[in-house]
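A look at the structure
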Amino acid sequence: MSILTPPRADDDRRTPDQPVRPERERIFRRRGSGDFSKPTLGGLIGRYALLLLVLVLVIGPFVWQLSTSFKGPQENIYSFPPNLIPREPTLGNYSTVADIVPVYLYAWHSLLVSLGTVVSNVVLATFAGYALGCMRFRGKWIVMAILLSTLLFPGEVTVTSNFLTIRALGLADTLWGVFLPGAISAMNVLLIATACRMIPKDVLDAATVDGATTWQRIRHIVWPNIRGMVSVVAIFAFIGAWDDYLWPLIVLSDPAKYTLTVGMAYLNSSFSVDPRLIAAGTMIALVPIVIMFSFTQRFFFKGVQEGAIKG
């Protein structure tokens, strides 16, 4: 006599055509597991805690400055814990900065210098990097040694010689004098040369045999493979030119020709009693960098991984 047992509630009653849900993969390994590619639960919590700490240290000052720029004169900006949401938000700090200091004119000067620096570094570093990375000529390693030696000296060492050169050219107290020393960087040339060295020489030799000119090799073979590195060069050149303070301060003497960094120093000395105005000026100076990175981050993060050679 057989005993019939009632079906349990957790019996699998799926039809044969019903798909089976895959088991959700854990992001940490269990105790005793041999999968060392995943952290333990304690290690995962520690990583996220460290990441949160780094996030607070990096983003915290920016958030505090942004909050301070919108606070009114009656709010206490030094309260603890800090009040990041203004009680009475206002745009008066930005309008005050624009009325007293020609901050937008200074920003325009910085933008001109930065865009010129980006264009010159991208064009000149691409050609120079192609020559060092793909071409064969005598004295190539001597040129590489000279470029590497320039990286051993800080920029302050060459300030005097650069200023004497700019003054001899008649470019003192001009934006051209601010732009010219940063038109090409040895580091950018070496970065592009390293990217060009990764291109197979057989492809370049085949293009030469087929009658391709130097410009055609650069345009159709070299450029598609170094776009990622070029985007890195462009971003670093823009940020370096935009944030430069010492060189514009030395070259420029007319306040009407100041760049934004020099103008911000004047703002800091004039309104040291009101950090709200300094925070507003800082936010104005930060906007172009955020816009630049927003438009180029796709190339910055993904362009380096593009290794396909396009004809």
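Residues numbered from 1 in each chain as written. Predicted model: local features only at pLDDT ≥ 70, side-chain atom pairs only at ≥ 80, totals over all residues. Heavy atoms only, no water.

A few words now on unusual backbone geometry. Unusually for a residue other than glycine, D173 sits at a positive phi of about 60°. If you trace the backbone, D173 turns up in the loop between α5 (159–168) and α6 (175–179). (Helix = DSSP H or I, 4+ residues; strand = E, 2+ residues; numbered from the N terminus.)

Bringing the UniProt feature "transmembrane region" (unreviewed entry) in the protein into the picture now. Sequence positions flagged by UniProt for "transmembrane region" (unreviewed entry) are, in local numbering, residues 48–66, 106–130, 142–164, 176–200, 221–242 and 277–295. Its end C-alpha atoms 39 Å apart, residues 176–200 is made of 64% helix and 0% strand. The span residues 277–295 is 100% helix and 0% strand, and its two end C-alpha atoms sit 28 Å from each other. (UniProt positions renumbered as here; feature names shortened; annotations may be inferred.)

Our focus in this paragraph is helix α7 (residues 186–197). Under the 1.5 Å per step criterion, the end-to-end length of α7 is 16 Å for twelve residues, consistent within 8% with the ideal 16 Å. The set of residues buried in α7 consists of A186, N188, V189, L190, I192, A193, A195 and C196. Residues of α7 that are buried make contact with α3 (103–134), α4 (140–150) and α9 (214–243). (Expected span 1.5 Å × (residues − 1). Buried < 20%, exposed > 50% of the residue type's maximum accessible area, 1.4 Å probe, protein only. Contact = heavy atoms within 4.5 Å.)

As a further point, take the side chain of T126. In this structure, T126 sits in helix α3. Contacts of T126, omitting those with residues within four sequence positions, involve N121, I192, I218, W223, I226 and V230.

Under the definition given, this model contains four aromatic pairs. When the centroid spacing of 5.9 Å and the interplanar angle of 75° are considered together, the rings of W176 and F179 count as edge-to-face. With W176 and F179 both in helix α6 and three residues apart, this pair spans about one turn of that helix. Given the relative accessible area of 14%, F179 is considered buried. (Phe/Tyr/Trp six-rings, centres within 6.5 Å; stacked < 30°, edge-to-face > 60°.)

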